[in-house]
Amino acid sequence: MLLEVKNLNAGYGYLQILRDVSLQIDKGEYVGIVGPNGAGKSTTMKTIAGLISPMSGSVVFNGEDITGLSGSAVAKKGISFVSEEMNLFVNMTVQENLYMGAYTIKEKHLKNERLDFVFELFPRLAERKKQLAGTMSGGERKMLAIGRGMMSNPSLMLVDEPSFGLAPQLTTSVFASLEVLIKNGMTILVVEQNVTKTLAVTDRGYVLENGKVGLEGNSADLAEDSYVRKVFLGV
Amino acid sequence: MSKNIVADLTAWVRTAAGLSMTIAVIVAIAATIHTGPYLLVNTIVTGGMLALVATGLTLMLGVLNIPMFAHGEYFMIGSLTAYYIFTPISEFILEHPDSWLVTFGPFIAILGALIGGAIAGAISEKLVFGPLRRRSTDNWVMNSFLLTVGLSVLLVNLHQLIFGADFKGIVGYWQGMPISIAGAYISLDRALAFIISAVIVALFYLFMTYTRTGMAIRAVSQDITGAEIVGIDIEKIVLLTISLACALAAVSGGSLLFMIPSYPSVGLEPLYMAWFVVILSGLGNILGAVVGAFMVALLKVITVEYVGAGWDFVVPSALIMLILIFKPSGIFGSDVRGVLDK
Ligand SMILES: Nc1ncnc2c1ncn2[C@@H]1O[C@H](COP(=O)(O)OP(=O)(O)OP(=O)(O)O)[C@@H](O)[C@H]1O
Ligand SMILES: [Mg+2]
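Values in this document were obtained by computation on a predicted structure and should not be read as measured data.

### What about the packing of helix H4 (residues 71-95) of chain B against helix H6 (residues 140-163) of chain B?
Each pair of packed helices can be summarised by the angle the axes make with each other and by the distance between the axes.
Residues and elements named next belong to chain B.
And step 1. Running from N to C, H4 and H6 point in directions that differ by 25°, and their axes come no closer than 10 Å. One finds that H4 runs roughly parallel with respect to H6. In this structure, H4 meets H6 at a crossing whose hand is left-handed. Together, Glu73, Tyr74, Met76, Ile77, Leu80 and Tyr84 of H4 and Leu151, Ser152, Leu155, Val156, His159 and Phe163 of H6 make up the contact between the two elements.
And step 2. Tallied by class, residues from the contact of H4 with H6 come to nine nonpolar, two polar and one charged.

### Side note on the sheet that holds strand E9 (residues 204-209) of chain A
Residue and element names in this part refer to chain A.
And step 1. Strand order in the open sheet made by the six strands is E6-E7-E8-E3-E9-E10, with mixed pairing throughout. A strand with exactly one partner marks an edge of an open sheet, and here the two such strands are strand E6 (79-82) and strand E10 (212-218). Here the strands of the sheet are splayed against their neighbours by 15° on average, with no regard to which way each runs.
And step 2. Where strand E3 (residues 30-34) and E9 come together, four bridges link them in parallel fashion. The partner of Ile33 across the bridge, within E9, is Tyr206.
And step 3. Strands in contact with helix H1 (residues 41-49) are E3, E6, strand E7 (156-160), strand E8 (187-191) and E9; relative to E7, the strand with the most contacts, it is inclined by about 150°.

### Quick look at the site of ligand 1
All names here are of chain A.
And step 1. Looking at ligand 1, there are 14 residues lining it, with Gly38, Lys41, Ser42, Thr43 and Gln193 nearest.
And step 2. With respect to ligand 1, the backbone of Gly40 contributes an N or O atom lying 3.0 Å from an oxygen atom.
And step 3. Taking Ser42, its side chain carries an N or O atom lying 2.7 Å from an oxygen atom of ligand 1.
And step 4. Coverage of ligand 1 by the protein amounts to 62% of the 640 Å² it exposes when considered alone.
And step 5. Those elements giving two or more residues to the shell around ligand 1 turn out to be strand E2 (15-25) and H1.
And step 6. It is H1 that contributes the most residues to the shell around ligand 1, three residues altogether.

### Looking at the side chain of Ser79 of chain B
Residues and elements named next belong to chain B.
And step 1. The topology assignment puts Ser79 in helix H4.
And step 2. The exposure class assigned to Ser79 is buried, which follows from its relative accessible area of 0%.
And step 3. In contact with Ser79, other than residues within four places in its own chain, are Ala250, Gly253, Gly254, Leu257, Ser262 and Val266.

### Considerations on the pattern of salt bridges
Residue and element names in this part refer to chain A.
And step 1. Scanning all chains against the criterion turns up 11 salt bridges over all chains.
And step 2. For Glu140, the salt bridge identified is with Arg128, shortest N-O distance 3.2 Å. Of this pair, Glu140 sits in helix H6 (residues 138-150) while Arg128 sits in the loop between helix H5 (123-127) and H6; the two residues are 12 residues apart in sequence, bridging distant segments of the chain.
And step 3. We classify Glu140 as buried; its relative accessible area is 5%.

### So, the packing of aromatic side chains
To describe a pair of aromatic rings, one takes the distance between the centres and the angle between the planes.
And step 1. Using the criterion set out here, one finds 12 aromatic pairs over all chains in the structure.
And step 2. Ring centres of Phe69 of chain B and Phe145 of chain B lie 5.3 Å apart, and the angle between their planes is 85°; this geometry places the pair in the edge-to-face category. In this pair, Phe69 of chain B is assigned in the loop between helix H3 (38-64) and H4 and Phe145 of chain B in helix H6, connecting sequence segments 76 residues apart.
And step 3. These aromatic residues form a ring-pair network of at least three members: Phe86, Phe104, Phe107, Tyr173, Trp174 and Phe258 of chain B.
And step 4. Over the face of the ring belonging to Phe89 of chain A we find Arg148 of chain A, whose NZ or CZ atom lies 4.9 Å from the ring centre.

### Quick word on the domain arrangement of chain A
Residues and elements named next belong to chain A.
And step 1. The domains assigned to chain A are domain 1 (1-78 + 155-165 + 179-235) and domain 2 (89-154).
And step 2. With 13 residues of domain 1 at the contact, the number on the domain 2 side is nine residues.
And step 3. When domain 1 packs against domain 2, the two sides together hide about 830 Å² of surface, and 76% of this comes from carbon and sulfur.
And step 4. On inspection of domain 1 and its partner domain 2, the count reaches one residue pair in polar contact (both at pLDDT 80 or more).
And step 5. Within the residue set of the side of domain 1 that touches domain 2, elements represented by two or more residues are E7 and helix H7 (168-183).
And step 6. In terms of residues, the side of domain 1 that touches domain 2 owes the most to one element, E7, which gives three residues.

### Looking at the interface of chain A and chain B
And step 1. Taken together, the contacts link 26 residues of chain A with 20 residues of chain B.
And step 2. Summed over both partners, the interface of chain A with chain B comes to about 2000 Å²; 61% of that surface belongs to carbon and sulfur atoms.
And step 3. Contact with chain B buries surface across chain A, with Asn87, Phe89 and Tyr103 of chain A losing the most and accounting together for 29% of the total.
And step 4. Here chain A is connected to chain B by one salt bridge.
And step 5. Where Glu96 of chain A meets Arg218 of chain B, a salt bridge forms, and the shortest distance between an N and an O atom there is 3.4 Å.
And step 6. In this assembly, chain A and chain B are joined by seven residue pairs in polar contact (both at pLDDT 80 or more).
And step 7. Mapped onto the side of chain A that touches chain B, the elements with two or more residues apiece are helix H2 (71-77) and helix H3 (94-101) of chain A.
And step 8. In terms of residue count, the dominant contributor to the side of chain A that touches chain B is H2 of chain A (four residues).
And step 9. Its residues placed into classes, the side of chain A that touches chain B shows 11 nonpolar, 11 polar and four charged.

### Focus: the sheet that holds strand E4 (residues 56-61) of chain A
Residues and elements named next belong to chain A.
And step 1. With antiparallel pairing, the four strands of this open sheet are ordered in space as E2-E1-E4-E5. Whereas interior strands pair on both sides, the edge strands pair on one side only; in this sheet they are E2 and strand E5 (64-65).
And step 2. With seven bridges joining them, strand E1 (residues 3-12) and E2 adopt antiparallel strand pairing. Considered in E2, the bridge of Leu3 is made with Ile25.

### Description of the pairing of E1 of chain A
All names here are of chain A.
And step 1. Between the end of E1 and the start of E2, which pair antiparallel, lie two residues, with Gly13 showing a positive phi angle near 60°.
And step 2. Bridge count for E1 against E4 is five bridges, and the pairing is antiparallel. In the strand pairing of E4, Asn9 is matched with Ser56.

### With respect to helix H11 (residues 268-281) of chain B
Residue and element names in this part refer to chain B.
And step 1. When the terminal C-alpha atoms of H11 are compared, their 20 Å separation across 14 residues agrees well with the 20 Å that a helix rising 1.5 Å per residue should span.
And step 2. The buried count for H11 comes to 10 of 14 residues, which makes it a mostly enclosed element.
And step 3. Every buried residue belonging to H11 is among Pro270, Leu271, Met273, Ala274, Trp275, Phe276, Val277, Val278, Leu280 and Ser281, and all of these are buried.
And step 4. Elements in contact with the buried residues of H11: H3, H4, helix H12 (286-306) and helix H13 (314-326).
And step 5. Remark: Gly282 follows H11 within two positions and exhibits a positive phi of approximately 100°.

Cut-offs applied
- Residues numbered from 1 in each chain as written.
- Chains lettered and ligands numbered in written order.
- Predicted model: local features only at pLDDT ≥ 70, side-chain atom pairs only at ≥ 80, totals over all residues.
- Heavy atoms only, no water.
- Axes fitted to C-alpha atoms, helices over the stretch in contact; angles between N-to-C directions.
- Helix = DSSP H or I, 4+ residues; strand = E, 2+ residues; numbered from the N terminus.
- Parallel < 35°, antiparallel > 145°, perpendicular 65-115°, else oblique.
- Left-handed = near helix turned anticlockwise from the far one by under 90°.
- Contact = heavy atoms within 4.5 Å.
- Nonpolar A, V, L, I, M, F, W, Y, C, P; charged D, E, K, R; others polar.
- Pairing = 2+ DSSP bridges.
- Near = heavy atom within 4 Å.
- Polar contact = N/O pair within 3.5 Å; in protein donor to acceptor, adjacent residues only side chain to side chain.
- Areas by Shrake-Rupley, 256 points an atom, 1.4 Å probe, with all protein chains shown as cover.
- Buried < 20%, exposed > 50% of the residue type's maximum accessible area, 1.4 Å probe, protein only.
- Salt bridge = Lys/Arg side-chain N within 4 Å of Asp/Glu carboxyl O.
- Phe/Tyr/Trp six-rings, centres within 6.5 Å; stacked < 30°, edge-to-face > 60°.
- Lys NZ or Arg CZ within 6 Å of the ring centre and 35° of its normal.
- Domains from an automatic or database assignment.
- Buried area = accessible area lost by both parts, 1.4 Å probe.
- Expected span 1.5 Å × (residues − 1).

This is how it looks when you write it as structure tokens:
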């Protein structure tokens, strides 16, 4: 088991959002979380990433208890979070943003290896490496955020809404790049609005509603599930 | 090719930054021709000092979102530290005029000021800013502002209680002959004060641009969550930034001790001037702060020269208000939105 989240309760201040959320991810798995707006999908990711400290419950990564560690400490353990807001460094160039993604790597040649890998995956970023991140288009920023998340050579990537605000064509290419990462042995937990798409590409899925895990199982089975079809797919 | 350069140049002059810098250079040249080169010398020395204080202020504002109103007190701490280090040194020099301390003693005092400022900044973070940040970041800008005002009052009064309210000054750092440049005589102290601030500002710029830690500081200033996600230890960077900012103000106070003696509220004037610079050049813009520092210094020197000594706060602040009405983001305000603008 690469990541095991057990009975997680978390929220903002006194406001509790997550109620006993549990999930497990094996190495090399491609797992999705789907659910309506405000269900707590992003909150789950932020809690795993260490940006929110949970009220109770535990997060175990690679056999090590990382509950309540700071975001930077979690990043150093090998978890990379690509947030919904992207949180890019707007006054830095594309290349500088990518190098910052490899902040936890000290050796210059290893950083450059990662950079080549990201540029190969997203040729668009290579073309625009001297451009300021703040002047990039929405789709390019998303690619940059994902690229930056890959720079630290993480063992687990948490990707929040990779297709948010993207045109269908770009959505396809972003999902294709995640697919390439999975083929390279990466483990990914992805959160998406696009339920059909998510359940089509992932191995397993969790349905989150009102801060609780409602359903879980193989993505193919979930896609056939009558409740999921009624609530999320409108059929 | 040359046509392009001319076109680029005219385009640049038409921007707010270009226009104000061009006007500043013209005014400086005109005033120098009219009254003499000492005016330029004063501008450069004051500007160098101001650049140090203002970059520190910019750091506090841009990286930590703290509107720092206690920054002058770190200038004061620097001058006080330099005074207490240099006084015994200068007594020693009187008895041993051939000692190596004649040349290097002042550097020790100024270095002491730098270290003293860094330590004072670190202590302030540990005792004041850190506890507030961990308690709550709601209303952060207002709360931290009030905190710095309190800190300022506290430090001024501590100085008065412990060291007294009198002027603690020195006759001079270096006793050599004044240097003559283009008919203007510059005392060694002034020349070295400027060189020290120029070297420190340059080193600081290189540090911020090219080193891993400098990039981390910039990353925190642009997106603190993004910085945390990529594994930057925020607490460490905050501590470093505060002590760096305070050290910059303190080294300025230390290197100007020959001109400005230390007393409890000595930091008030550099603080106001540095705020003029920061507002003028756009909040959180480090390079802009350096250029802005020389512009504000010029404005002050010229006001003193042509309008009168009592006006040196009135004219610059009036002009800054005017500029802000027409360009609210400051003359070097960048086109790219940062975290502060959200
Ligand atoms: N910083 C915050 N402070 C207070 N409440 C918040 C904060 N962020 C989110 N919430 C609340 O927490 C709940 C869950 O939000 P979350 O962002 O996790 O939802 P989500 O499932 O990611 O939704 P979406 O699909 O819209 O992204 C929402 O009701 C939201 O209003
Ligand atoms: Mg969300």
